[in-house]
Each structure stands twice: as structure tokens, then as C-alpha cells.
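Take a look at the letters that make up each chain.
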Amino acid sequence: MTKKVAMITGGAQGIGEAISRRLSQDGFAVAIADLNKEKGSEVAADIEKNGGSAIAVKLDVSDRENFFAGVKEVVEKLGRLDVLVNNAGLGPTTPIETITPESFDKVYHINVAGDIWGIQAAIEQFRKNENGGKIINATSQAGVVGNPNLSLYSSTKFAVRGLTQVAARDLASENITVNAYAPGIVKTPMMFDIAHQVGKNAGKDDDWGMQTFAKDIALKRLSEPEDVAAAVSFLAGPDSNYITGQTIEVDGGMQFH
Ligand SMILES: NC(=O)C1=CN([C@@H]2O[C@H](COP(=O)(O)OP(=O)(O)OC[C@H]3O[C@@H](n4cnc5c(N)ncnc54)[C@H](O)[C@@H]3O)[C@@H](O)[C@H]2O)C=CC1
Ligand SMILES: CC(=O)C(C)=O
């Protein structure tokens with residue numbers, strides 16, 4: 001039987017890598033779509049070594065044509081597409097007065113437009129499936145509560161939550177679900193960079209920078225990428241078939257509603 005296929009953007013490191021490995025363990029053939037194809041290929045090779053099916057695709061999510069070409073390549077190589085995880089994102093440290101037209105365009109093109117191009121490219125393929133498909137978007141705890149120092153980033157992640165709800169309504173009649181995950185403070189290169197910058201801007205060290213984010217975690221530990229991958233596994237699998245338009249907060253209890 002052909003395996004179901006999941007495409008994970010930004011799958012070469014951090015949370016995306018953990019999701020790629022987890023979905024492979026769940027039985028998906030995975031396509032690791034990343035700007036960094038070399039790293040993506042290393043992860044794909046390791047997944048194959050462990051008995052999974054994986055390919056790496058070079059992709060810039062902010063380029064609409066490139067996203068459609070990437071999805072086409074995945075379908076040519078793996079035969080179909082069932083799940084798209086819009087995980088790639090940029091997390092610059094930008095107090096509000098430092099935002100420029102250039103930084104605005106760059107971050108919104110990757111974090112927001114990238115998800116829209118992904119949804120458009122994926123649904124073309126999902127319409128060929130008997131059972132629709134699943135879109136899963138990366139938002140953040142910073143997309144639920146505005147984060148100081150991350151004004152630009154935080155606002156894109158609010159946009160992703162809105163986009164998730166809108167797309168869920170638009171696509172529900174075609175049995176396409178759209179959900180999101182909102183990680184908290186996860187041990188990845190992005191988060192270590194943010195902690196470093198925030199610490200440096202305050203004349204303090206990286207640990208101080210990390211603590212400004214981590215102090216409100218009820219479970220009193222930073223998140224592993226695998227904590228997030230477990231929630232994505234649920235959203236990608238059949239147990240979430242009746243869930244759409246939702247954001248799952250995987251943040252160790254940073255905020256309650
Ligand atoms: N690390 C954290 O604490 C949190 C992360 N997130 C979100 O989770 C997602 C993954 O974050 P991390 O793993 O921490 O990031 P990361 O920076 O460690 O890894 C991101 C990956 O995306 C790739 N990438 C960047 N721009 C791309 C583009 N234009 N096209 C294709 N690939 C691109 C990079 O090459 C890299 O492999 C992001 O959307 C991020 O905003 C949300 C909440 C917390
Ligand atoms: C990087 C991120 O999403 C944070 C700090 O919430």
C-alpha cells in the first residue's frame with residue numbers, strides 16, 4: 001500500500017526536523033522542504049537509514065512559484081500529498097521602533113504569505129485525494145499574547161492564527177482541515193538566537209534572555225522540539241479528523257484562557 005505523504009517546510013532543523021522524524025515514525029513518507037537542502041538531505045538520509053521514506057526538497061516558502069514547484073516535485077517523487085505542515089518561519093528580535101519596510105516585507109513574506117502559498121499549492125493536490133487533506137500551521141505563544149522585543153514576529157503569528165480559522169472555514173466543505181500549533185519556548189537554533197539578542201540588547205547574558213521568556217512556564221522546563229512534534233502527530237493523524245480551525249498551545253502552561 002502507498003504510504004500517506006507529509007510535506008514539512010523548515011524540516012531541516014529544530015521543530016521541523018522533530019516533526020519530520022515523528023511523522024515518519026507514524027508511517028508517513030516525508031518530504032523535508034527547506035531553504036537548506038544540504039541539511040534537509042542529511043535528515044532525510046537518517047530517516048531512511050532508520051527504515052522510513054524521506055526526500056529533501058529545496059524550497060523558499062516566500063516564493064509562490066517555488067512553492068507550487070516544490071509540491072509538484074513531492075508528488076512526482078512520492079506519489080501524492082496528504083498533509084502540509086507550514087512550519088518554516090523567521091524569528092527576528094525587533095523592538096517596534098526598529099521595524100523597517102524591508103524587515104516587514106521579509107518576515108511577513110516568509111511567516112504569513114508563505115503559509116498562504118503553501119495552502120494554495122497543497123489544496124490543488126488534496127482535491128485529487130478521496131479523503132481531502134490536512135494543513136497544519138506554525139503559530140506561537142507569541143501569536144496568542146503580544147511579546148515585547150518580538151513585535152514583528154509576534155504580529156505575524158497572530159496573523160497565522162487568523163489565517164488558520166479563515167482557511168478552515170473556506171476549505172471545510174472539501175474535507176480539508178486547517179489547524180495550528182502554538183509552541184512555547186523550544187530549544188532550537190531560533191530560540192537560542194532570540195535569547196542571545198534579547199540578553200545582549202539589555203546588556204545581559206543569554207541565560208537572562210532565555211529567562212525573560214521562560215519564567216512563566218508552569219511546567220518549569222523549556223520545551224523539546226519533540227513535545228511539539230507529538231501535537232503535530234495528533235493533528236496529522238485520523239484522531240483529529242473532526243477538529244478544524246483550532247490552535248493547540250504546546251507551551252507547558254505559559255498562559256491559560
Ligand atoms: N523555537 C521556538 O521556541 C518557537 C518556534 N516557533 C515556530 O516554529 C517554527 C519552527 O521554529 P524553529 O524550529 O525554532 O526554527 P529554526 O530557525 O530553528 O528552523 C527553521 C528552519 O526553517 C528553514 N527556513 C527558514 N526560512 C525558510 C524559507 N523561506 N523557506 C523554507 N525554509 C526556511 C531554516 O532553514 C530552518 O531549517 C517557526 O515557524 C517558529 O516561528 C513557535 C514558537 C516557539
Ligand atoms: C520564538 C517564539 O515563538 C517565542 C519566543 O514564542
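Just so we're clear, the structure is a prediction, and the values are computed from it rather than from any experiment.

Asks: Which residues make up the overall build of the protein, and what values go with them?
Replies: Each helix and strand in the protein was counted, giving eight helices and seven strands. Since a compact globule built from 257 residues should have a radius of gyration of about 18 Å, the 17 Å found for the protein is in line with a globular shape. Along the three orthogonal principal directions, the C-alpha set of the protein runs to about 55 × 40 × 35 Å. Here the protein holds 257 residues, and 52% of them are scored as buried. In the protein, once contacts between residues fewer than 6 apart in sequence are set aside, the share between residues at least 24 apart is 70%. In the form shown here, the protein has an accessible surface area of approximately 12,100 Å², with 52% of it arising from carbon and sulfur atoms.

Asks: Please provide a residue-by-residue account of the nonpolar core, values included.
Replies: Met7, Val74, Leu81 and Ile135 are the most contacted members of the largest nonpolar core, which has 30 residues in total. Put simply, the parts of the chain that give this core at least two residues each are β1 (5-9), β2 (29-34), β3 (54-58), α3 (64-78), α4 (101-126), α5 (151-171) and β6 (176-183). Setting aside residues up to four positions removed in sequence, Leu81 forms contacts with Val5, Met7, Val71, Val74, Val75, Ala122, Gln125, Phe126 and Asn129.

Asks: I'd like a rundown of the site of ligand 1, residues and numbers included.
Replies: For ligand 1, the set of nearby residues contains 27 residues, the closest of which are Asp34, Asn87, Tyr153, Val186 and Thr188. The contact in question runs from an oxygen atom of ligand 1 to an N or O atom on the backbone of Ile15, over 2.9 Å. Asn87 places a main-chain nitrogen or oxygen 2.7 Å from an oxygen atom of ligand 1. Broken down by secondary-structure element, the contributors of at least two residues to the shell around ligand 1 are α1 (14-25), α5 and α6 (189-201). Per element, the largest residue contribution to the shell around ligand 1 is three residues, and it comes from α6. Broken down by class, the residue content of the shell around ligand 1 amounts to 15 nonpolar, nine polar and three charged.

Asks: A description of the packing of aromatic side chains should follow, citing residues and the corresponding values.
Replies: All told, the structure shown has one aromatic pair when counted by the stated rule. Aromatic pair Phe104 and Tyr108: ring centres 4.4 Å apart, planes at 20 degrees, arrangement stacked. Here the residue Phe104 and the residue Tyr108 both occupy positions in helix α4, the gap between them amounting to four residues, near one helical turn. It is Arg161 that lies over the ring of Phe158; its NZ or CZ is 5.5 Å from the centre.

Asks: Could you give an account of the sheet that holds strand β5 (residues 133-138), with specific residues and numbers?
Replies: Note on sheets: strands pair through backbone hydrogen bonds, and any given pair is parallel or antiparallel. Read from one edge of the open sheet, seven strands run β3-β2-β1-β4-β5-β6-β7, paired in parallel fashion. Two strands in the sheet have a free side with no partner beyond their single neighbour: β3 and β7 (247-250). Between one strand axis and the next, the sheet turns through 20 degrees on average, direction left out of account. Looking at chain direction, β5 and β6 are connected through six bridges and run parallel. Within β6, the position partnered with Asn137 by the bridge is Ala180. Contacting β1, β2, β4 (83-86) and β6, α1 runs over the sheet at an angle of about 170 degrees to β1. Docked against the sheet, helix α2 (residues 37-49) engages β2 and β3, running at close to 175 degrees with respect to β3.

Asks: Describe the pattern of salt bridges, with residues and values.
Replies: Taken as a whole and assessed by the stated rule, the structure comprises eleven salt bridges. Ionic pairing is found between Asp46 and Arg21, a salt bridge with its closest N-O pair at 2.8 Å. Of this pair, Asp46 sits in helix α2 while Arg21 sits in helix α1; the two residues are 25 residues apart in sequence, bridging distant segments of the chain. The partly exposed category is assigned to Asp46, whose relative accessible area is 24%. Between Arg221 and Asp227 there is a salt bridge; the shortest N-O distance is 2.9 Å.

Asks: Please set out the confidence of the model for the protein residue by residue, giving values where relevant.
Replies: A residue-level look at the protein finds 100% of positions with pLDDT of 70 or above and a mean pLDDT of 97. Taken together, the chains of this predicted complex give a pTM of 0.98 and an interface ipTM of 0.99.

What counts, and where the lines are drawn
Residues numbered from 1 in each chain as written. Chains lettered and ligands numbered in written order. Predicted model: local features only at pLDDT ≥ 70, side-chain atom pairs only at ≥ 80, totals over all residues. Heavy atoms only, no water. Helix = DSSP H or I, 4+ residues; strand = E, 2+ residues; numbered from the N terminus. Rg over C-alpha atoms; globule rule 2.2 N^0.38 Å. Buried < 20%, exposed > 50% of the residue type's maximum accessible area, 1.4 Å probe, protein only. Contact = heavy atoms within 4.5 Å. Areas by Shrake-Rupley, 256 points an atom, 1.4 Å probe, with all protein chains shown as cover. Core = buried A, V, L, I, M, F, W, Y, C linked by side-chain atoms within 4.5 Å. Near = heavy atom within 4 Å. Polar contact = N/O pair within 3.5 Å; in protein donor to acceptor, adjacent residues only side chain to side chain. Nonpolar A, V, L, I, M, F, W, Y, C, P; charged D, E, K, R; others polar. Phe/Tyr/Trp six-rings, centres within 6.5 Å; stacked < 30°, edge-to-face > 60°. Lys NZ or Arg CZ within 6 Å of the ring centre and 35° of its normal. Pairing = 2+ DSSP bridges. Axes fitted to C-alpha atoms, helices over the stretch in contact; angles between N-to-C directions. Salt bridge = Lys/Arg side-chain N within 4 Å of Asp/Glu carboxyl O. pLDDT = per-residue confidence, 0-100.

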